Amino acid sequence: MTLIAFSSLVDYNVGLQIDKTKTINKRKLLLAFSLIVNIGLLGYFKYSNFFIENFKLAFESIGITMHLSSLQIILPVGISFYTFQTMGYTIDVYRRKINPTNNIVQFFAYVSFFPQLVAGPIERAKNLLPQFQVKRKFRYDYAVDGMRQILWGFFKKMVIADNCALFVNQVFDAPEDFSFITLIFGMLLFAFQIYGDFSGYSDIAIGTAKLFGFNLMQNFAYPYFSRDIAEFWRRWHISLSTWFRDYVYIPLGGSKGGTVMKIRNVFVIFLVSGFWHGANWTFIIWGFLNALFFLPLILMNKNRTYLDIVAVNSSLPSLREFLGIISTFVLTTFAWVFFRAETLGDSMNYLYQIVNGNEGILRYPIVILCLSVILILVEWIGRKRAHPLAILEGYPVLFRQLVYLSILLLIILFMPNEANSFIYFQF
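Residues numbered from 1 in each chain as written. Predicted model: local features only at pLDDT ≥ 70, side-chain atom pairs only at ≥ 80, totals over all residues. Heavy atoms only, no water.

A.B. asks: It is not clear to me how the packing of aromatic side chains should be interpreted in this structure. Could you clarify?
C.D. replies: We describe a pair of aromatic rings using the distance from one ring centre to the other and the angle between the two ring planes. Under the definition given, this model contains 46 aromatic pairs. For the pair Tyr222 and Phe225, a centre-to-centre distance of 6.3 Å together with 15° between the ring planes defines the contact as stacked. Taking NZ or CZ as reference, Lys46 lies 5.1 Å from the ring centre of Trp276, over its face. It is Arg136 that lies over the ring of Phe214; its NZ or CZ is 4.0 Å from the centre. (Phe/Tyr/Trp six-rings, centres within 6.5 Å; stacked < 30°, edge-to-face > 60°. Lys NZ or Arg CZ within 6 Å of the ring centre and 35° of its normal.)

Here it is as structure tokens:
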């Protein structure tokens, strides 16, 4: 609480001072102060031990022993999210895109808004802050839609993600014990696990905000239906992707410069994005791989080929769209191995065992596979809406209630625990 209060107080006052100041150099100095404080806090709490360990390893590689010990630091909850939120506020005030608020209670509420504080979306002050400045009125339609989205978020988190994790953890903990098909299956289920985790949390946060009459931005827009990697990053963790685009990528020159600048900017944005997710080389390599996947599109000016939803005027994708979806999913699933592994060695061992693994077989949870297929089908049907259960609007009340009850029963039945008795099959 002390840390978020301090960070909020700094940016609240910096925003007011930037707005009052006409001298460009002083405005830059104030902005620099805000960035140093925020990045400094984030760097200390999240990345100190990473730099200490790698500093020691660097010297040990040349025969010098450094007697440095790791710091006993507890990572504050939500620091990666509210730090970016307050930095975005001061940058927008500096750019004169928004006027600073002089109501400290409203600003603190904007920074610490509980539905999205821990796991996002990373809201922009332009969208969320004005909503604290108007009288709250209960909106029945908002509340109903919010409950639908919360229900779908719990389904993705508790039914899909948490149950996928039971299988994924076993496979990634000892990949040398399993066969090619088992390891491939583990990669596949981790792709569903991480999507269910991240987007499920976002749906719960957005739906909860709607209960109070607040409108948060859409954070996931059916990313696994993307036809190339550029479209994937326009649909995956949208609040973070657009934050890096607006506050890092575009200020660096974006895609308007020469070839060298384009390459540099693409790698900077993805490496920084990877490092934001965690203080580990695995996240940096994950970002590096995504930069490699993205680079051909940016160099050929094809990074904005797909701006509309897939199969917008039909019920099924064309062959070209289908192949694009499959190839994009394969690339992202491959990169997820590095995101999931504890170390670079673990990730390389996992990929090595895919080719050279033994014949060990883990029982496959057929039920969770079927539920994952249901997830895909429901999201495909509702892909034109902010969340798939919004398609139920207009259907008879009894039908809607049956759907809600069915999802609720699935959540209760498949709430993961050590005694889960899935129906398994073996290859």
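A.B. asks: Just checking my understanding: could you explain the nonpolar core for this structure?
C.D. replies: Across soluble globular proteins, nonpolar side chains have a tendency to be buried as a group. Counting 106 residues, the largest nonpolar core has Phe84, Tyr110, Ile160, Tyr224, Trp236 and Trp336 as the members making the most contacts within it. Sequence-distant contacts of Trp336, that is, excluding residues within four places in its chain, are made with Phe190, Ala191, Ile194, Tyr224, Phe232, Trp236 and Trp286. (Core = buried A, V, L, I, M, F, W, Y, C linked by side-chain atoms within 4.5 Å. Buried < 20%, exposed > 50% of the residue type's maximum accessible area, 1.4 Å probe, protein only. Contact = heavy atoms within 4.5 Å.)

A.B. asks: Would you mind showing me how to read helix H16 (residues 397-413) here?
C.D. replies: Think of an α-helix as 3.6 residues a turn; residues three or four steps apart then line up on the same face. In this model, H16 (17 residues) spans 24 Å end to end at C-alpha, consistent with the 24 Å of a helix rising 1.5 Å per residue. Within H16, the full set of buried residues consists of Arg400, Ile407 and Ile411. Along the long axis of H16, the arc covered by the buried residues comes to 45°, so they all point the same way. Looking at H16, the residues exposed on the side facing more than 90 degrees away from the buried face are Leu398, Ile412 and Leu413. For H16, the elements touching its buried residues are helix H7 (140-173). (Helix = DSSP H or I, 4+ residues; strand = E, 2+ residues; numbered from the N terminus. Expected span 1.5 Å × (residues − 1). Arc of directions from axis to C-beta.)

A.B. asks: Got a minute to help me understand the packing of helix H8 (residues 180-211) against helix H13 (residues 319-340) in this structure?
C.D. replies: When two helices pack together, their arrangement is given by the angle between the helix axes and by the axis-to-axis distance. At a minimum axis distance of 9 Å, the contact between H8 and H13 shows a crossing angle of 80°. Between H8 and H13, the interaxial angle falls into the category roughly perpendicular. Contacts between H8 and H13 involve Met187, Leu188, Phe190, Ala191, Ile194 and Phe198 on the former and, on the latter, Phe329, Thr333, Phe334, Trp336, Val337, Phe339 and Arg340. Counted by class, the contact of H8 with H13 contains 11 nonpolar, 1 polar and 1 charged residues. (Axes fitted to C-alpha atoms, helices over the stretch in contact; angles between N-to-C directions. Parallel < 35°, antiparallel > 145°, perpendicular 65-115°, else oblique. Nonpolar A, V, L, I, M, F, W, Y, C, P; charged D, E, K, R; others polar.)

A.B. asks: For this particular structure, what's the right way to read the packing of helix H12 (residues 281-299) against H13?
C.D. replies: Their axes nearest at 8 Å, the elements H12 and H13 cross at an angle of 160°. Considering their axes alone, H12 and H13 lie roughly antiparallel with respect to each other. The two elements H12 and H13 cross, and the hand of that crossing is right-handed. When H12 is examined against H13, the residues Thr282, Phe283, Ile285, Trp286, Leu289, Asn290 and Phe293 are found in contact with a partner set consisting of Leu331, Phe334, Ala335, Trp336, Phe338 and Phe339. (Left-handed = near helix turned anticlockwise from the far one by under 90°.)

That is the geometry; function is a separate question.
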